Amino acid sequence: MMKSEDINIILATDCGSTTTKAILIKKINDEYRLIVRGEAPTTVEAPFEDVTMGVLNAVSEVSELSGWKLINENGELIRPTRDSAGCDIYISTSSAGGGLQMMVAGVVRTMTAESAERAALGAGAIVMDVIASNDKRLPHEQIERIRQLRPDMILLSGGVDGGTTTHVAELAELIRAANPRPRLGIAYKLPVIYAGNKDAREEISKVLSDKVDLFVVDNIRPVLELENLGPAREKIHDLFMEHVMAQAPGYKKLMSWTDAPIMPTPGAVGLIMKMVADLEGIEIVGVDIGGATTDVFSVFKGIFNRTVSANLGMSYSISNVFTEAGLENIMRWVPFDIDSRELRNRIKNKMIRPTTIPQTLEELIIEQAIAREAIRLAFIQHKAFATTLKGVQRVKTVAEAFEQEATLTLVNMLSLNMIIGSGGILSHAPRRNQAAMMLLDAFQPEGITRLAVDSIFMMPQLGVLSTIHPKAAKEVFDKDCLIHLGTSIVPVGLEKEGKEILKYTINFEDGRSEKGILKFGEMRVYELGVGNKATVTLEPARGFDIGQGKGKKIENEKVYGGVVGIIFDGRGRPLKLPEDKGLRISKLKEWFRIMNLYPESSLL
Amino acid sequence: MAHVYTPGLKVSEISIIHKRRILPLKGEVLVKVGDTVGPDDVVARTFLPGRVEIYNAAGILGVAPKELPDFMLKHVGDWVESGETFAESKGFFGLIKTQVKAKFRSRIESISELTGQVILRGEPIPVEIRAYVKGRVVEIIPEEGVVVETVGAFVQGIFGVGGERNGKLSIAVSTPNEPLDEHRINESHKGMIVVGGSYVTASCIKKAFAVGVKGIITGGLDDQDLRDFLGYDIGVAITGHEDIPTTIIVTEGFGNLPMATRTFELLKKYDGALVSINGATQIRAGVIRPEIIIPRENFTPEDLKKIKEKETGNPGLFVGAIVRVIRAPYFGRIARVTSLPPELQMLETESKTRVLEAEFLDDGTRAIIPRANVELFED
């Protein structure tokens, strides 16, 4: 590959399960910028069964839209750039064909098994099941489960270095007895990564090496107090390329085209989020709400976490959102009545015809209500998973560590700086204000939080780009990736409707200033355009916290503008909607009007 | 974009249908190329590994794992009967022995000196694959299965529950607009695949289960009824494994929806014929739709020629195409495309999207509909 300073044109694709998205980045005046994006249906499945067809179709669209030739007469990518054609590097991510599906195993469910789960999720995998010695299933049930699953690979962990080897060896025996088969390709052995007690390596090898393709990496939990996920994650990525992708139709060809290893899409998203959080020293939560799954990413205290809510999504899994959230929770966001039988049928019809779009406002409002619940549920799962290491926080002895119950989540809404939303329902909301409101209702940010959407879900491509050209990745992320919605200011606490909860002053860059008093149950919006900043002074009422503690004032805090602006949300935290239906509907309409969510005609 | 896809369901009077019938593990193929098979004929067979039971033998006997082999009465590869002792402690002076007994007839697979565990595996579980459709074996995949070919009518539904079934087709309503209620089902429908019109009632499904109806094909179904008879909500559209006596195939969607006339008329034409149906539906990654296959014998070379012509490809949306609207506010209505404006248009939702103009076949009124919200009838 050429020197990074010589790279002028970058082509990147993300092969999703339904759509392949291509982006073209060019260096203009020493700065990398997104030029255009294109997309085409993914062609992994029959009748095409060659992922590169979809890639070339998406790249053709990029060519047509930009007028920059990228494919030669033989249907090959032109590289490097020459005569106003081609690209200098080409990279790709992939979640097509079901992405990376893994099973993980560990001795203690909340300790080594959870670390293994974190490693797999962080690498971008879908974790099909977590087998643990103490997961309350009988061995034959666990074996049956392993046999049914047909994962792409297994990550086996267990024990701290130097600790007992018996339990992890038992798990290995369980895997051996199940004799699991890989999902793709009959001819090859299932890859199993062993990342447990180093003293058990020889025994694990004895038990497993003739049945599976065994790889040994450093322990993910060498001591109780430390999680060492890097080596396992790297191995997962290597095996994803060598074993899983190599079995999928057309990937061998695609791999020969790329200048960096193809990464699982969510793994790449994790990389870019971590990079941005580290560079700017901020805490981030991101969500990608898709048709089948909702991924939540977070970086708190420098620790990256990712969860996948496999059955929370807006089309294939929409019916499951309805089941898990319940009719009442969905309808609480809807300012009109609908017969529950009718609603059930509508949701199921969306499930069986996932590509349809709302044509009426009523349908749009219902879909956005379901999205709030899908994100809310996915975020609950994320908070429960993104924790400090269990069993070590207040540890004095190992025995005490085992006694310890669930520990604190890393997710701290008051210290959170930014929420990034992506996925069709957020990115393609007809009004950006709708995306902002969905993020507010679903995540319920506290204190001062910036809101943004990744309008074309470019983060996967930028994530893999960050591994070979961090400067280009960061510049495009800053300038072209996010659409900034603005900043939400939310005092935490509860009060009676209409009581004063926050005094505020906003000083705009142009010298204007606004003063006001926010009352409980009220929302307010101030325009502050994209790229603009303002400073705010916030004085919460007694019992309300805006980030410094109850009743404590914040002075001259910088806030960032966006297409919506500065949003004061006085609805209280935790957010509770009025129980009385009439009152709830009237409050919803009031907030929707202030937020300018929908045409007035729909709120009459 | 290089391709525009319009989701469409096949409703075809004649098609060449190939069904891959594959074992979950390698095994034995029982038929050969050219054999004629019936839907219930077994075409391949194998054995799944038996159930595994793990015994913490060293723990039970109170000995160190390393010493376990000394206490084993049986060895790796030996069979043990249900209740038979396979490991035993020495006891005090040969008395009060602790024993480890097999829970079911099984074979010793491993004895671990590291963990002290003994793994026993039960007898292999036979698995048979049936032909599913009446037809001819056209390909053998050695040790894995076969491809069965049949020529016949082929109808895809939009959603189904329950697996592969076959039986005689029985049309129980006279028009596609009539709902299928319990009065239309009787003892004579036992073992049959019953076709209804717009809707199947909860009480009808209950009666079909009781009578032993093998399948129901209907235009619409109420999701609440589906939940009631399954006992749970279907959260993700992956179906086919439900434990229900009757496979149900919905051709149009959820709600009260008349079956498309073309589908209804086609099924009606084959009233009494042997059909194979499968409710399995998977909407994500590798779409599987429920299917109705009606093998035909009386087809002519012209019919086969027609198939070849049809297989030349999906024309996509075109002016004059007949489409079905698959989303509110016109859900379920059939229309003819009258124009395909290339520019994006703004909907009531303020979303800009590609649309089509269409004329509804029932009353001649016209409407603008997002292209994403129609499906083309494929024939």
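Residues numbered from 1 in each chain as written. Chains lettered and ligands numbered in written order. Predicted model: local features only at pLDDT ≥ 70, side-chain atom pairs only at ≥ 80, totals over all residues.

1. With respect to the overall build of chain A
For the record, the criterion: Going along the chain from the N terminus, every DSSP run of H or I of four or more residues is numbered as a helix, and every run of E of two or more is numbered as a strand. A radius of gyration in this sense is built from C-alpha atoms; the matching globule rule multiplies 2.2 Å by the number of residues raised to 0.38. With C-beta atoms placed from the backbone, a residue counts as buried when 20 or more other C-beta atoms lie within 10 Å of its own, as exposed when 12 or fewer do, and as partly exposed for counts between those limits.
Scanning chain A from N- to C-terminus turns up 18 helices and 22 strands. Its C-alpha atoms give chain A a radius of gyration of 25 Å, within 12% of the compact-globule value 25 Å for 604 residues. C-alpha atoms of chain A, sized along the principal axes, occupy 70 × 70 × 50 Å. Here chain A holds 604 residues, and the buried ones make up 56% of them.

2. Focus: the overall build of chain B
Operational definition: Remark: residues whose backbone-derived C-beta atoms lie within 7 Å of one another are considered to be in contact.
Per the secondary structure count, chain B includes 6 helices and 27 strands. Relative to the 2.2 N^0.38 estimate, which gives 21 Å for 379 residues, the radius of gyration of chain B is 28 Å and therefore markedly larger than a compact globule would have. Seen along its three principal axes, the alpha-carbon backbone of chain B occupies a region of about 100 × 55 × 50 Å. Evaluated residue by residue, chain B yields a buried proportion of 41% over its 379 residues. In chain B, once contacts between residues fewer than 6 apart in sequence are set aside, the share between residues at least 24 apart is 63%.

3. Some remarks on the confidence of the model for chain B
All names here are of chain B. What counts is decided by this rule: Residue-level confidence of the predictor, termed pLDDT, takes values from 0 up to 100.
Counting all residues, the mean pLDDT for chain B is 89, and 94% of those residues have values of 70 or more. Overall, residues 1-6 carries pLDDT values under 50, and its contacts beyond four positions in sequence, including any with other chains, amount to 13 contacts. Model confidence for the complex: the whole-complex pTM is 0.85, and ipTM, which rates the interface, is 0.85.

4. Some points on the packing of helix α9 (residues 318-325) of chain A against helix α12 (residues 361-385) of chain A
Residues and elements named next belong to chain A. Operational definition: Lines fitted to C-alpha atoms define the axes here, with helix axes fitted over just the stretch in contact, and angles between the N-to-C directions of these axes take values from 0 to 180 degrees. These descriptions rest on fixed angle ranges, namely under 35 degrees for roughly parallel, over 145 for roughly antiparallel, 65 to 115 for roughly perpendicular, and the rest for oblique.
With their axes 10 Å apart at the nearest point, α9 and α12 run at an angle of 70 degrees to one another. What the angle tells us is that α9 and α12 run roughly perpendicular. In contact with Ile-318, Val-321, Phe-322, Glu-324 and Ala-325 of α9, α12 contributes Ile-370, Glu-373, Ala-374 and Leu-377.

5. Considerations on the sheet that holds strand β2 (residues 19-28) of chain A
Residues and elements named next belong to chain A. Formally: Two strands qualify as a pair provided that DSSP identifies no fewer than 2 bridges between them.
Taken together, the 5 strands give an open sheet; going across it, the order is β3-β2-β1-β4-β10, and neighbouring strands pair in mixed fashion. The open sheet has two edge strands, β3 (31-41) and β10 (263-264), and neither has a second partner. By the bridge criterion, 2 bridges tie strand β4 (residues 89-94) to β10 in an arrangement that is parallel. Of the residues in β10, the one forming a bridge with Ser-94 is Pro-264. The strands touched by helix α16 (residues 459-468) are β1 (9-15), β2, β4 and β10; relative to β4, the strand with the most contacts, the crossing angle is about 130 degrees.

6. Some thoughts on the nonpolar core
Selection criterion: What we call a nonpolar core is a set of buried Ala, Val, Leu, Ile, Met, Phe, Trp, Tyr and Cys residues whose membership is set by joining through C-beta atoms within 7 Å.
In terms of nonpolar packing, the biggest core is built from 272 residues, with Met-102, Ala-105, Ala-120, Leu-155, Ile-175, Val-192 and Ile-272 of chain A touching the most fellow members. In terms of residue count, α12 of chain A provides more of this core than any other element does, 11 residues in total.

7. Some words on the confidence of the model for chain A
When pLDDT is averaged along chain A, the result is 89, and 96% of the positions lie at 70 or above. The model gives residues 393-397 of chain A a pLDDT under 50, and that stretch makes 6 contacts with residues more than four places away or in other chains.

8. Notes on the interface of chain B and chain A
As a reminder, the rule being used: Lys, Arg, Asp and Glu make up the charged group, whereas Ala, Val, Leu, Ile, Met, Phe, Trp, Tyr, Cys and Pro make up the nonpolar group; the residues left over, Gly among them, are polar.
Each side of the interface is counted separately: chain B has 48 residues, and chain A has 47 residues. The dominant element in the side of chain B that touches chain A, judged by the number of residues it contributes, is strand β5 (residues 52-55) of chain B, at 3 residues. Of the residues assigned to the side of chain B that touches chain A, the class counts are 24 nonpolar, 14 polar and 10 charged.

9. With respect to the sheet that holds strand β17 (residues 500-508) of chain A
All names here are of chain A. Reading across from one edge, β18-β17-β20-β21 is the order of the 4 strands in this open sheet, with antiparallel pairing throughout. At either end of the open sheet lies a strand with only one pairing partner, and these are β18 (513-519) and β21 (554-560). Ignoring strand direction, the axes of neighbouring strands in this sheet form an average angle of 25 degrees.

10. With respect to helix α5 (residues 201-208) of chain A
Residues and elements named next belong to chain A. Here is the rule: The directions from the helix axis to the C-beta atoms form the arc being described.
Here α5 has its buried residues at Ile-204, Val-207 and Leu-208. The buried residues of α5 occupy an angular sector of 80 degrees when projected down its axis, which confines them to one face. Elements that come into contact with the buried residues of α5 comprise α4 (166-178), β8 (191-194) and β9 (213-216).

11. Considering the pairing of β9 of chain A
Two elements, β8 of chain A and β9 of chain A, share 4 bridges in a ladder whose sense is parallel. Bridged to Val-192 of chain A within β9 of chain A is Leu-214 of chain A.

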